[in-house]
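Close look at the chain arrangement
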Amino acid sequence: MKESVGETMMKCVIPAAGFGTRFLPMTKNSPKEMLPLVDKPAIQYVIEEAVDSGINDILIITGRGKRAIEDHFDIAFELEYILKDNKDEKKLREIRKIAELADIHYVRQKQQLGLGHAVLCAEKHVGTQPFAVLLGDDIVFSTTPCTKQLIQQYNKHKVSIIAVEPVPDTHIHTYGVIKYDDPIDDKLYPIVDLVEKPTKEQAPSNLGILGRYILTPAIFDCIRNTKPGYGGEIQLTDALKELLKEEPIYAYEFYGTRYDLGNKMDWLKTTIDVALMRQEFREELLEFLKQKITS
Ligand code: UTP
C-alpha cells in the first residue's frame, strides 16, 4: 500500500554526494554507496526500503564520480541482450527489476558542503510537502520497514520524526544525540535539544540519531540559516536545532536491526552478517569462520 501525505505520495531523498573519505582508497573514484553487501550495492537496500515503505518518487543527491549509481538503476541493454541470448530468464528478470524499482531522479550537489546542504539541494523537487530522508550509511532490517514506521508516526502526529536507537557509551561521540522529554507514546519522544558528536560526558542521553528522517518542508529555510558547524560542514543536526525553535520534532525508537556501513570495520561485519542470513552461504561461511578462529 502506498503511504500518503494528504493527497500526494511522500517523496524521498537519498543524499549520496559525500566523498566517503573513511573508505579511501576504494572511494577515490567509486561511490561509497555502491559498496556491495554480498551481491547488492548498499544503496539498493536503501531504495528497496523506500519502495517497501510505499514511496515511489526517489531523489538521489549525487556529485562528481557518482555515475555508477545512475547506471545501476538504468536499463542495461547490452547485458540484457546477452542474458536473453543465454536464456538466463532469472537473471534477466532480476536485472530489469532494478531499473523498474521506482521513479528515480537525480540532482547534483556541486560542492560537498555537508549533509544539510545536500538535503537543501532537494528543495525544488520536494516542494512544500513533508518528505523522507534515507542515508545509505545505515541499512535497517525489520518486518515493517523503518521508513514505513516513521511515516506511520508522521501520519499520526504531523511533525518531523527522526529515527533513533540506543548507542553504547563507547560510540556516542560518533552520533548526533537527542535530549528528550517524557515519552508521548511507546518509543516516541519529544526532542528538547540535539547535540552533534558529543563526548560521553556531554551526551544528553544514549539515543543516537541514525539515517532515517521524515522532515517538514520548514527544514529548508532552517538549513539556509545554518552556518557551517562540525567539520566545517552544514550539518543537518544543526538545521534541526533551528527547526526545533519553530516546530516540535519527535524521535522514534524504531523496531528492527540497524547496520552501520559508514566505516570499513562496520562494513566488514555487516557483510558477514548479511551473508550469514542467506541460506546458500550460511553453512560454508560458518565453517570457514570456525576454521579461522581455531587456526
Ligand atoms: P557522511 O559524512 O557519513 O558521508 O555523510 P561522507 O562524507 O561521504 O563520508 P566520510 O565521512 O567522508 O567517510 C552522510 C551522508 O550524507 C551524504 C553522504 O553521501 C552520506 O550518504 N553527504 C555528505 C552528501 O550527500 N553531501 C555532503 O556534502 C556530505
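A few points on the structure. Computed from a predicted structure; not experimentally measured.

Some remarks on the overall build of the protein
Within the protein, the secondary structure is distributed over 11 helices and 15 strands. Taken against the 2.2 N^0.38 rule, which gives 19 Å for 295 residues, the C-alpha radius of gyration of the protein at 20 Å falls within 12% of a compact globule. Along the longest, intermediate and shortest principal axes, the C-alpha atoms of the protein span 60 × 50 × 35 Å. Residue burial in the protein is summarised as follows: out of 295 residues, 47% are buried. Of the contacts formed within the protein by residues at least 6 apart in sequence, a portion of 76% connects residues at least 24 apart. Accessible area for the protein stands at about 15600 Å²; split by element, carbon and sulfur atoms hold 52% of it. In the protein, 38 side chains carry a positive charge and 45 a negative one; their mean positions are 4 Å apart.

Describing the packing of helix H10 (residues 264-276) against helix H11 (residues 279-294)
The interhelical angle for the contact between H10 and H11, taken along N-to-C directions, is 135°, at an axis separation of 8 Å. By the criterion of interaxial angle, the relationship of H10 to H11 is oblique. Taking contact as the criterion, the partners of Ile 272, Ala 275 and Leu 276 in H10 are, on H11, Phe 281, Arg 282, Leu 285, Leu 286 and Leu 289. Taken together, the residues of the contact of H10 with H11 break down into seven nonpolar, no polar and one charged.

Overview of the packing of aromatic side chains
Counted by the stated rule, this structure contains five aromatic pairs. Ring geometry for Tyr 180 versus Tyr 189: centroids 4.6 Å apart, planes at 55°, classification tilted. With relative accessibility at 34%, the residue Tyr 180 sits in the partly exposed group. Residue classification places Tyr 189 among the buried residues on the basis of a relative accessible area of 11%. Feature note: the residues Tyr 45, Phe 141 and Tyr 259 constitute an aromatic cluster, connected by ring pairs. The ring of Tyr 45 has Lys 40 lying over it, and the distance from NZ or CZ to the ring centre is 4.5 Å.

Regarding the site of the ligand
In the vicinity of the ligand lie 17 residues, with Thr 21, Arg 22, Gln 109, Gly 114 and Asp 137 positioned nearest. Residue Gly 18 places a main-chain N or O atom 2.9 Å away from an oxygen atom belonging to the ligand. Contacts to the ligand include Asp 137, whose side-chain N or O atom sits 2.8 Å from an oxygen atom. Contact with the protein chains removes 87% of the 560 Å² of surface that the ligand exposes when unbound.

Topic: the state of the cysteines
What the rule picks out here adds up to zero disulfides. The cysteine Cys 12 is free of any disulfide, with Cys 146 supplying the nearest cysteine sulfur at 12 Å. For Cys 12, a relative accessible area of 0% puts it in the buried group.

Side note on the nonpolar core
Formed by 44 residues in total, the largest nonpolar core has its most connected members in Ile 14, Ile 43, Ile 47, Ile 58 and Ile 60. It is helix H1 (residues 42-52) that contributes the most residues to this core, six residues altogether. When neighbours within four sequence positions are excluded, Ile 47 is seen to be in contact with Ile 14, Ile 58, Ile 60, Phe 73, Leu 101 and Ile 104. One finds Val 133, Val 164, Leu 207 and Leu 236 within the second-largest nonpolar core, a separate group that totals 34 residues.

Some words on unusual backbone geometry
The peptide bond linking Leu 24 to Pro 25 adopts the cis configuration, its omega dihedral lying at 5°. Take Pro 25: it is sitting in the loop between strand S3 (11-15) and strand S4 (36-37). Phi is positive for Lys 158, close to 55°, though the residue is something other than glycine. Positionally, Lys 158 belongs in the loop between helix H7 (146-157) and strand S10 (160-166). Here the phi dihedral of Lys 187 falls at roughly 70°; this positive angle occurs in a residue that is not glycine. When you line up the elements, Lys 187 lands in the loop between strand S11 (176-180) and strand S12 (188-196).

Some words on the environment of Ile 14
Looking at where Ile 14 falls in the secondary structure, it is placed in strand S3. Judged by relative accessible area, which is 0%, Ile 14 ranks as buried. Taking the C-alpha atoms as reference, Ile 14 lies 8.6 Å from Ala 132; in sequence the two are 118 residues apart. Leave out the neighbours within four places in its chain, and Ile 14 touches Ile 43, Val 46, Ile 47, Ile 58, Leu 59, Ile 60, Ile 61 and Leu 134.

About the thresholds
Residues numbered from 1 in each chain as written. Predicted model: local features only at pLDDT ≥ 70, side-chain atom pairs only at ≥ 80, totals over all residues. Heavy atoms only, no water. Helix = DSSP H or I, 4+ residues; strand = E, 2+ residues; numbered from the N terminus. Rg over C-alpha atoms; globule rule 2.2 N^0.38 Å. Buried < 20%, exposed > 50% of the residue type's maximum accessible area, 1.4 Å probe, protein only. Contact = heavy atoms within 4.5 Å. Areas by Shrake-Rupley, 256 points an atom, 1.4 Å probe, with all protein chains shown as cover. Lys, Arg positive; Asp, Glu negative; His and termini not counted. Charge placed at Lys NZ, Arg CZ, Asp CG, Glu CD. Axes fitted to C-alpha atoms, helices over the stretch in contact; angles between N-to-C directions. Parallel < 35°, antiparallel > 145°, perpendicular 65-115°, else oblique. Nonpolar A, V, L, I, M, F, W, Y, C, P; charged D, E, K, R; others polar. Phe/Tyr/Trp six-rings, centres within 6.5 Å; stacked < 30°, edge-to-face > 60°. Lys NZ or Arg CZ within 6 Å of the ring centre and 35° of its normal. Near = heavy atom within 4 Å. Polar contact = N/O pair within 3.5 Å; in protein donor to acceptor, adjacent residues only side chain to side chain. Disulfide = S-S within 2.5 Å. Core = buried A, V, L, I, M, F, W, Y, C linked by side-chain atoms within 4.5 Å.

The analysis is restricted to geometry; functional conclusions fall outside its scope.
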